[in-house]
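Here are the chains, one letter per residue:
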Amino acid sequence: MAAFKPALIVVDFQEDFCPPNGSLAVQGGRDIADSVNALLSLPFVLKIATKDWHPPSHVSFAANHDGKQPFTDYITITNPANSNETYETRLWPVHCVQGTPGAELVPELEAGKVDKIIEKGQDDRVEMYSPFYDPFQEPRGCDSGLAGTLKDAGVTDVYVVGLAADYCVLNCAVDAAKEGFETFIVDEGTRAVDPEGWPKVRQGLEGKGVKVVSMESAAVQRLMTAF
Ligand code: VGL
Ligand code: ZN
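Residues numbered from 1 in each chain as written. Chains lettered and ligands numbered in written order. Predicted model: local features only at pLDDT ≥ 70, side-chain atom pairs only at ≥ 80, totals over all residues. Heavy atoms only, no water.

As annotated in an unreviewed UniProt entry, the protein chain carries the name nicotinamidase and is attributed to Neoarthrinium moseri. In its Sequence similarities (unreviewed entry) section, the UniProt entry covering the protein chain states "Belongs to the isochorismatase family." Recorded in UniProt for the protein chain, the comment headed Pathway (unreviewed entry) runs: "Cofactor biosynthesis; nicotinate biosynthesis; nicotinate from nicotinamide: step 1/1." (UniProt positions renumbered as here; feature names shortened; annotations may be inferred.)

Participant: Hey, could you go over the overall build of the protein chain for me, with residue numbers and the actual values?
Facilitator: The number of helices and strands found in the protein chain is 5 helices and 8 strands. Order of helices (α) and strands (β) in the protein chain, N terminus to C terminus: β-α-β-β-β-β-α-β-α-β-α-β-α. Its C-alpha atoms put the protein chain at 55 × 40 × 35 Å along the principal axes. Residue pairs in contact within the protein chain that sit at least 24 positions apart in sequence constitute 72% of those at least 6 positions apart. Here the protein chain contributes 19 positively and 33 negatively charged side chains, and the mean placements of these two sets differ by 5 Å. (Helix = DSSP H or I, 4+ residues; strand = E, 2+ residues; numbered from the N terminus. Contact = heavy atoms within 4.5 Å. Lys, Arg positive; Asp, Glu negative; His and termini not counted. Charge placed at Lys NZ, Arg CZ, Asp CG, Glu CD.)

Participant: If you had to explain the nonpolar core to someone new, which residues and values would you point to?
Facilitator: Counting 68 residues, the largest nonpolar core has Phe13, Leu39, Phe132, Leu150, Tyr159 and Ile185 as its most contacted members. Looking at this core element by element, the count peaks at 10 residues for helix α3 (residues 165-178). Excluding its chain neighbours within four sequence positions, the residues that come into contact with Leu39 are Leu8, Phe44, Val161, Val186, Met215, Val220 and Leu223. In this structure, Ala62, Leu91, Val126 and Phe136 belong to the second largest nonpolar core, which totals 7 residues. (Core = buried A, V, L, I, M, F, W, Y, C linked by side-chain atoms within 4.5 Å. Buried < 20%, exposed > 50% of the residue type's maximum accessible area, 1.4 Å probe, protein only.)

Participant: Give me the lowdown on the pairing of strand β1 (residues 6-11), citing residues and values where you can.
Facilitator: The buried count for β1 comes to 6 of 6 residues, which makes it a mostly enclosed element. In this sheet, strand β6 (residues 157-163) lies alongside β1 in parallel orientation, the contact comprising 6 bridges. Each bridged residue has a counterpart across the sheet, and for Ala7 the counterpart in β6 is Val158. Sheet analysis places β1 next to strand β2 (residues 46-52), joined by 5 bridges and oriented parallel. Directly across from Ala7, in β2, lies its bridge partner Leu46. Running through helix α1 (residues 33-40), the crossover from β1 to the neighbouring parallel element β2 is right-handed. (Pairing = 2+ DSSP bridges. Right-handed = clockwise from strand over helix to strand, strands pointing away.)

Participant: Give me the lowdown on the environment of Gly112, citing residues and values where you can.
Facilitator: Relative to the helices and strands, Gly112 is located in the loop between β4 (82-90) and β5 (116-120). For the pair Gly112 and Leu40, spaced 72 residues apart in sequence, the C-alpha separation works out to 9.6 Å.

Participant: Lay out the site of ligand 1 in plain terms, naming residues and giving numbers.
Facilitator: Taken together, Asp12, Phe17, Leu24, Asp52, Trp92, His95, Tyr129, Leu163, Ala164, Tyr167 and Cys168 form the complete shell of residues around ligand 1. Note that an oxygen atom of ligand 1 is positioned 2.7 Å from one of the side-chain N or O atoms of Asp12. Take Ala164: an N or O atom from its main chain is 2.9 Å from an oxygen atom of ligand 1. When each cavity is represented as a set of grid points, ligand 1 is found to reside in the largest cavity. (Near = heavy atom within 4 Å. Polar contact = N/O pair within 3.5 Å; in protein donor to acceptor, adjacent residues only side chain to side chain. 1 Å grid on protein atoms, 1.4 Å probe; cavity = no way out; pocket = protein on both sides within 12 Å on 5 of 7 lines; lining within 4 Å. Sits in = over half its atoms within 2 Å of the grid points.)

What follows is the structure in structure tokens.
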């Protein structure tokens, strides 16, 4: 039988992404806790949590751009190492500033079961939704080392949960699939910034090698039996 070595990645389950006080609260964000903790009790070979971890000067904060509004306005981001590589990115309220209460993992998360925490988004010039690397290609910018960590542990399958489904969870899962891992997003363990848009985004993921599954799916039930 082919090896099955699953890893769990809990993306950005932080106060600023959760009601009631988060500056970028995702509807129902805190409600994922039971599913996330249920997964954390399963025999993954590696359990990783990520934190969005921005300096106050971060480029994604609307407040750092004159006259720009969070959620509705976009700006152009440039690869710090190549002025020809640019893309449009959405602006956000100030969130997950390093060392602030909003950047804390939520207390509901059973963080004692997590093996390793990865902090991302620390370069104030670059938006980094994926905990693997920033989106630039020529040349590639920041690599967190996550792909290497998973490969060194012999991981075959990656299960992704956390916040937000349509931003960091999505980008994490797409990069995991690109790195060659069998990749799943567990639906009950995530919530979207734009819930109306999620069904369509979710469909698009299938074409990128990411399966969105439920806690009852064979892909999750498989984790409850010895392997
Ligand atoms: C995220 C927006 C800005 C996320 C992070 O964790 O999905 N979204 N920064
Ligand atoms: Zn962020």
